[in-house]
Amino acid sequence: MATADAPAREFADNIKNLGEEIVKLTVLEAKALGDYLEEVHGIKAAAAAVAAAPAAAAEAGPAAAEKTEFDVVLENSGAQKIQVIKVVRAATALGLKEAKELVDGAPKAIKTGISKEDAEKLKKELEDAGGTVSIK
C-alpha cells in the first residue's frame with residue numbers, strides 16, 4: 001500500500017537523479033541543453049547556465065579557474081633606475097634604501113596578491129619609468 005509520502009519521495013528522487021545527470025554533462029552538452037530549453041520551452045539560457053555551471057566547472061577543473069591575484073615582478077630597472085625606484089617607493093611605501101635594494105635585486109616581486117587592474121596599472125607606471133616588468 002502506498003503512503004502519502006510516496007509522491008513527495010518520488011519527486012525528490014527524480015530531482016536528485018536529474019541533478020546528477022546535469023552534473024555529468026560536458027560543456028557542449030550543457031550548451032545544447034540550454035539552447036533546447038530556450039527554443040522549445042522558452043526558458044532563457046541564464047537559467048540553464050545555472051544548472052550547467054557545476055558541469056562546466058567540473059570539466060574545466062581547477063586550472064581553468066580565473067586568476068584573481070597577480071604579482072608584479074620587476075625584471076630589470078633599465079637605464080632610468082632612479083625613476084623606477086621612485087615608482088617602487090610610491091607603490092610599496094618603502095624607504096629609499098629598501099626601494100633601491102629591491103630594484104637592484106631585480107628580478108624581484110614588487111607587489112604580490114593584487115588585482116589584475118592594479119597589477120596592470122603598476123606595470124604601466126614601472127614601464128613608463130623605464131623598467132621591464134612582468135605580471136604573474
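Report follows, based on the coordinates. Bear in mind the structure is a predicted one, so any value in this text is a computation, not a measurement. (Residues numbered from 1 in each chain as written. Predicted model: local features only at pLDDT ≥ 70, side-chain atom pairs only at ≥ 80, totals over all residues. Heavy atoms only, no water.)

**Re the overall build of the chain**
The condition is simple: Segments assigned H or I by DSSP are reported as helices when at least four residues long, segments assigned E as strands when at least two residues long, and all are numbered from the N terminus. A simple rule labels every residue: compare its accessible area, found with a 1.4 Å probe on the protein chains alone, to the largest value its type can have, and call it buried under 20%, exposed over 50%, or partly exposed in between. Contacts were defined at the residue level, with two residues in contact if any of their heavy atoms lie within 4.5 Å. Note on areas: these come from Shrake-Rupley sampling with a 1.4 Å probe, and a residue is covered only by the protein chains present in the view.
From N to C terminus, the chain includes six helices and three strands. Along the chain direction, N to C, the helices and strands of the chain fall in the order α-α-α-β-α-α-β-α-β. By residue count, 22% of the 136 residues in the chain fall in the buried class. The long-range share in the chain, meaning contacts at least 24 apart out of those at least 6 apart in sequence, stands at 67%. With an accessible surface of roughly 9400 Å², the chain has 58% of that area assigned to carbon and sulfur atoms.

**Describing the packing of helix α4 (residues 81-92) against helix α6 (residues 116-128)**
Put simply, the rule reads: Here an angle of 0 to 180 degrees is reported between the N-to-C directions of two axes, which are lines fitted to C-alpha atoms, with helices fitted over the stretch in contact. Put simply, angles under 35 degrees are roughly parallel, angles over 145 are roughly antiparallel, angles from 65 to 115 are roughly perpendicular, and the rest are oblique. Here a crossing is called left-handed whenever its near helix is offset anticlockwise from the far helix by less than a right angle, and right-handed whenever the offset is clockwise. Side-chain classes are defined by residue name, with Ala, Val, Leu, Ile, Met, Phe, Trp, Tyr, Cys and Pro counting as nonpolar, Asp, Glu, Lys and Arg as charged, and the others, Gly among them, as polar.
α6 packs onto α4 with a crossing angle of 155° between their chain directions and a minimal axis gap of 8 Å. Of the possible angle classes, the one that applies to α4 and α6 is roughly antiparallel. In this structure, α4 meets α6 at a crossing whose hand is right-handed. Packed against α4, whose contacting residues are V84, V87, V88 and A91, the element α6 presents L122, E125 and L126 at the interface. Among the residues making up the contact of α4 with α6, the classes are represented as six nonpolar, no polar and one charged.

**Let's talk about the sheet that holds strand β3 (residues 132-135)**
Operational definition: When DSSP finds at least two bridges between two strands, those strands are taken to pair.
Judged by pairing direction, the sheet is antiparallel, and its three strands sit side by side in the order β2-β1-β3 without closing on themselves. Among the strands making up the open sheet, the edge pair consists of β2 (108-114) and β3. Along the sheet, successive strands turn relative to each other by an average axial angle of 20°, direction set aside. Inspection of the sheet shows strand β1 (residues 70-76) paired to β3 by four bridges, in the antiparallel sense. Within β3, the position partnered with V72 by the bridge is I135.

**Examining α4**
Let me state the cut-off plainly: To estimate the expected span of a helix, subtract one from its residue number and multiply by 1.5 Å. Note that the arc is defined by the directions from the helix axis to the C-beta atoms.
The terminal C-alpha atoms of α4 lie 16 Å apart, and with twelve residues this matches the ideal 16 Å at 1.5 Å per residue to within 8%. Taken together, the buried positions of α4 are occupied by V84, I85, V87, V88 and A91. On an axial view of α4, the arc spanned by its buried residues comes to 165°, and they lie on one face. With respect to the buried face of α4, the exposed residues turned more than 90 degrees away are I82 and A90. In this structure, the buried side of α4 is in contact with β1, α5 (96-104), β2 and α6.

**Brief notes about the nonpolar core**
Note the following rule: Definition of nonpolar core: a set of buried residues of the types Ala, Val, Leu, Ile, Met, Phe, Trp, Tyr and Cys, connected through side-chain atoms within 4.5 Å.
Counting 18 residues, the largest nonpolar core has V72, V84, V88, I110, L122 and L126 as the members making the most contacts within it. If you list the elements that add at least two residues to this core, you get β1, α4, α5, β2 and α6. Looking at this core, the element that brings in the most residues is α4, giving five residues. Every residue in contact with V72, bar those within four places of it in the chain, is listed here: K108, A109, I110, K111, I114, A119, L122, L126, V133 and S134.

**Considering the pattern of salt bridges**
We count it as follows: Any carboxyl oxygen of Asp or Glu that lies within 4 Å of a side-chain nitrogen of Lys or Arg is treated as forming a salt bridge with it.
Applying the stated criterion across every chain, the model contains six salt bridges. Among the salt bridges present, the one from D128 reaches K124, with a minimum N-O distance of 2.9 Å. Of this pair, D128 and K124 both sit in helix α6, separated by four residues, roughly a single helical turn. By relative accessible area, D128 is classed as exposed at 56%. The exposed category is assigned to K124, whose relative accessible area is 51%. Through salt bridges with shared partners, a single network forms among K81, K100 and D104.

What is shown is where atoms sit, not what they do.
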